[in-house]
Amino acid sequence: MTQSADTLIIGGREFTSRLMVGTGKYASFEQTARALEMSGAQIITVAVRRVNLDRSKESLLDYIDLKKYTLLPNTAGCYTADDAVRTCRLAREAGMSDFVKLEVLGDEKTLFPDNEELLKAAKILVAEGFTVLPYCSDDVIVCKKLEDLGCAAVMPLGAPIGSGLGIRNPYNIRIILENVSVPVIVDAGVGSASDAAIAMELGCAGVLMNTAIAGAQDPIAMAEAMKLAVIAGRLSYKAGRIPRKLYANASSPLDGMIG
Amino acid sequence: MRIVLNGDSVETADGCTVGELLQQLGISRERVAVELNADIVPKVDYDRRPLSDGDKIEIVHFVGGG
């Protein structure tokens, strides 16, 4: 099979969409399914939680076509490497896939990553054959360490999870892009379509978001906006923007002006 | 005998296997993972792994998340 143009390859799998979408916080499973469809995403994140023994047995996966999407189970809510590793092992058993979004949180208020625990967990998981996509700080040193450990991508935050503040430090993202060779995916912080486009224009391989879509007044419309923004941002990056200049540069010819 | 199922103490039949427990609970085995005393139970072992009094069982699945 020849590789089609401009696809994203993670862990040996090829994807045409560069938008990854979470499945939390939607009003219903129907809405989740419609938003996913509209987003064009091929990788979707899920969380691992206890089966609720008292309630209806209806589950998210009843609404998701598993032939269409690659599940990316997360370790949300884990504050230690041990808990994150345990969650990943359970996820692999439940989903029969090696893909994991590894997050080890350091603090409940900011949900910033605990990079020390993150590195510890990444090392164990890579050794156990997982395809590890770590949510991390926008710190090139941490990203390089994660790459060296064998992570399949790095996923620096644009801003705190669910904050919608956008890409707060585009220069850090640029430095990461210049210094790691695995795909760089901005994970967390995106609030609007322009934020997603900015991440892509910086040269990121993809963007991962949940709240920006699920929390929008019309999640289905926002899912489409994000799909288009990621495509537009990617095209803009590849097209190569003009340099920024302080003064004007006329677009119309100066010759032939009426006298 | 009593086991601790997802944090709650419950009564179950002596010698009940993981597979029988899932069946009693009406849980489809394809989309869950089971931990017995902090070790994963592979799906192929569900029907041959009997539970003992005091065992701690966790049954998890995927839910919406980011």
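Residues numbered from 1 in each chain as written. Chains lettered and ligands numbered in written order. Predicted model: local features only at pLDDT ≥ 70, side-chain atom pairs only at ≥ 80, totals over all residues. Heavy atoms only, no water.

Engineer: Any details on the interface of chain A and chain B? Residues and values, ideally.
Structural biologist: The interface of chain A with chain B comprises 31 residues on the first partner and 25 residues on the second. Between chain A and chain B the total buried area reaches about 2,400 Å² when both faces are included, carbon and sulfur atoms providing 62% of it. Sorting the residues of chain A by area buried against chain B places Arg50, Val51 and Glu93 of chain A first, and these three jointly supply 26% of that buried surface. Linking chain A with chain B are three salt bridges. When the shortest N-O distance is used, the salt bridge between aspartate 62 of chain A and arginine 31 of chain B registers 3.1 Å. (Contact = heavy atoms within 4.5 Å. Buried area = accessible area lost by both parts, 1.4 Å probe. Salt bridge = Lys/Arg side-chain N within 4 Å of Asp/Glu carboxyl O.)

Engineer: How would you explain a nonpolar patch on the surface if you had to name every residue and give the values?
Structural biologist: Residues Leu228, Ile231 and Leu235 of chain A make up a contiguous nonpolar surface patch of about 300 Å² in total accessible area. Mapped onto the fold, leucine 228 of chain A is located in helix α8 (residues 219-239). (Patch = residues over 30% accessible without salt bridge, like charges linked within 9 Å, V, L, I, M, F, W, Y side chains within 5 Å. Areas by Shrake-Rupley, 256 points an atom, 1.4 Å probe, with all protein chains shown as cover. Helix = DSSP H or I, 4+ residues; strand = E, 2+ residues; numbered from the N terminus.)

Engineer: Got a sec to walk through helix α6 (residues 193-201) of chain A? Specific residues and values, please.
Structural biologist: Among the residues making up α6 of chain A, those that are buried are Asp195, Ala196, Ala197, Ala199 and Met200 of chain A. A positive phi of about 110 degrees marks glycine 203 of chain A, the residue just after α6 of chain A. (Buried < 20%, exposed > 50% of the residue type's maximum accessible area, 1.4 Å probe, protein only.)

Engineer: Can you lay out the state of the cysteines for me, pointing to particular residues and giving the numbers?
Structural biologist: All names here are of chain A. The full count for this structure, using the stated rule, is zero disulfides over all chains. Looking at cysteine 78, it has no disulfide partner, and the nearest cysteine sulfur is the one in cysteine 88, 7.6 Å off. This cysteine, cysteine 204, is not joined by any disulfide, and cysteine 143 carries the nearest cysteine sulfur, 10 Å off. (Disulfide = S-S within 2.5 Å.)

Engineer: Describe the packing of helix α3 (residues 115-127) of chain A against helix α4 (residues 140-149) of chain A, and please don't skip the residues or the numbers.
Structural biologist: All names here are of chain A. Packing of α3 against α4 leaves a shortest axis separation of 9 Å and a crossing angle of 15 degrees. Here α3 lies roughly parallel to α4, going by the angle between them. Viewed along their axes, α3 and α4 form a crossing whose handedness is right-handed. Counting all contacts with α3, which are made through Asn115, Leu118, Leu119, Ala122, Lys123 and Val126, the residues of α4 involved are Val142, Lys145, Leu146 and Leu149. For the contact of α3 with α4, the residue count by class is seven nonpolar, one polar and two charged. (Axes fitted to C-alpha atoms, helices over the stretch in contact; angles between N-to-C directions. Parallel < 35°, antiparallel > 145°, perpendicular 65-115°, else oblique. Left-handed = near helix turned anticlockwise from the far one by under 90°. Nonpolar A, V, L, I, M, F, W, Y, C, P; charged D, E, K, R; others polar.)

Engineer: Break down the environment of leucine 235 of chain A for me, citing the residues and quoting the values.
Structural biologist: Residue and element names in this part refer to chain A. By the secondary structure assignment, leucine 235 is in helix α8. We classify leucine 235 as exposed; its relative accessible area is 56%. Distance in space between the C-alpha atoms of leucine 235 and methionine 200 is 8.6 Å, their sequence separation being 35 residues.

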